[in-house]
Amino acid sequence: MKWSLTELRKTHRSEPLAFEETLDLKADLMARYGDEVLDLTPVKAKGLVSVVSEGDVVVVAQIKATLTVPSSRSLAPVTLPVDFQMTEYYVSDAAATQRFEKTDVVMVVTDDVIDFDKAVGDNLILQIPMHILSDAEKQGAAMPEGNDWQVVSEADLAKVEAENQTVDPRLAKLKDFFPDQDDK
């Protein structure tokens, strides 16, 4: 979906534009974020486009979809349902961004076109958590390993580091400079 900023200002100044659409963003998202997105169901978008003070446009939409993303541990496919609300302001020049709070999402429109599909795709990517595990990994499945490598948990790593902690012999004499401090 694309809207003309000028057209929205003319036709929807007094009454918001309501929309309810199913968007097919799979090809675009896979092209732009192929490593982060393995699959995407059709995206349901429902919301309002309103012209607010000084001709700025605000889009408020509820977005629902199901992403398939790789596990952060094993790269196994993980299904991730997303259901979120997005609010974005659109202005015609960069100076207009000063009217908004720092926490507001304000986009400067180029070529008088609001590309809602791209905005929804970007917001979908923001919904992917940094650490995502498959159901088996959540239940404590074995960590991946291979020839001369293995994935270890942070607790196991701390335990191994504590066991292997040795002082460099060249630095051992430095502890004599501060005899009143305990070894920690």
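The coordinates are above.
Here the residue numbering is sequential within each chain, running from 1 through the sequence in written order. Whole-chain, interface and lining totals are the exception, using all residues; otherwise, since this is a predicted model, local features are given only for residues with pLDDT of at least 70 and side-chain atom pairs are given and counted only at 80 or more. No hydrogens and no water enter the side-chain calculation; it runs on all heavy atoms of the structure.

Engineer: Describe the overall build of the protein, with residues and values.
Structural biologist: Across its full length, the protein carries five helices and 10 strands. Taking 184 residues into account, the globule formula puts the C-alpha radius of gyration at 16 Å, and the protein, at 26 Å, lies well above it. Expressed along its principal axes, the backbone C-alpha trace of the protein runs to roughly 80 × 40 × 25 Å. Taking all 184 residues of the protein together, 29% fall into the buried category. Within the protein, counting contacts between residues at least 6 apart in sequence, those at least 24 apart form 60% of the total. Under the convention used here, a 1.4 Å probe and the Shrake-Rupley method define accessible areas, while residue burial counts only the protein chains that appear. Roughly 12800 Å² of accessible area belongs to the protein as shown, and the carbon and sulfur atoms make up 51% of that amount. Across the protein, the mean location of the 19 positive side-chain charges is 2 Å away from that of the 34 negative side-chain charges. By the criteria applied, helices consist of DSSP H or I runs no shorter than four residues and strands consist of E runs no shorter than two, each listed in order from the N terminus. Put simply, the radius of gyration uses C-alpha atoms, and a globule should come to 2.2 Å times the residue count raised to 0.38. Three exposure classes are used, based on accessible area relative to the maximum for each residue type with a 1.4 Å probe and protein chains only: buried under 20%, partly exposed in between, and exposed over 50%. Contact criterion: two residues are considered in contact whenever any of their non-hydrogen atoms come within 4.5 Å of each other. Positive charge is attributed to Lys and Arg, negative charge to Asp and Glu, and no charge count is given to His or to the chain ends. A single reference atom marks each charge: NZ on Lys, CZ on Arg, CG on Asp, CD on Glu.

Engineer: Before we move on, could you go through unusual backbone geometry and cite the residues and values that matter?
Structural biologist: Its identity is not glycine, yet Leu-75 carries a phi of approximately 70 degrees, on the positive side. One can find Leu-75 in the loop between β5 (57-70) and β6 (77-91). Here the phi dihedral of Asp-111 falls at roughly 60 degrees; this positive angle occurs in a residue that is not glycine. Here Asp-111 is to be found in the loop between β7 (106-108) and β8 (113-115).

Engineer: Explain the pairing of β6 residue by residue, including any values.
Structural biologist: Bridge count between β5 and β6: 14 bridges; the pairing is antiparallel. If you follow Gln-62 over to β6, its bridge partner there is Gln-85. At least two bridges found by DSSP between two strands is the condition for calling them paired. Following β5, the chain reverses through six residues before pairing antiparallel with β6; Leu-75 in that reversal takes a positive phi of roughly 70 degrees. Where β6 and β7 come together, three bridges link them in parallel fashion.

Engineer: How would you summarise the pattern of salt bridges if you had to cite specific residues and measurements?
Structural biologist: Only one rule defines a salt bridge in this text: a Lys or Arg side-chain nitrogen within 4 Å of an Asp or Glu carboxyl oxygen. All told, the structure shown has six salt bridges when counted by the stated rule. The partner of Asp-122 in a salt bridge is Arg-32, and the shortest N-O contact between them spans 2.9 Å. In this pair, Asp-122 is assigned in helix α3 (residues 116-126) and Arg-32 in helix α2 (residues 26-32), connecting sequence segments 90 residues apart. The partner of Asp-56 in a salt bridge is Arg-99, and the shortest N-O contact between them spans 2.6 Å. Taken together, the residues Asp-56 in the loop between β4 (43-51) and β5 and Arg-99 in the loop between β6 and β7 connect sequence positions 43 residues apart.

Read these as spatial facts, not as claims about activity.
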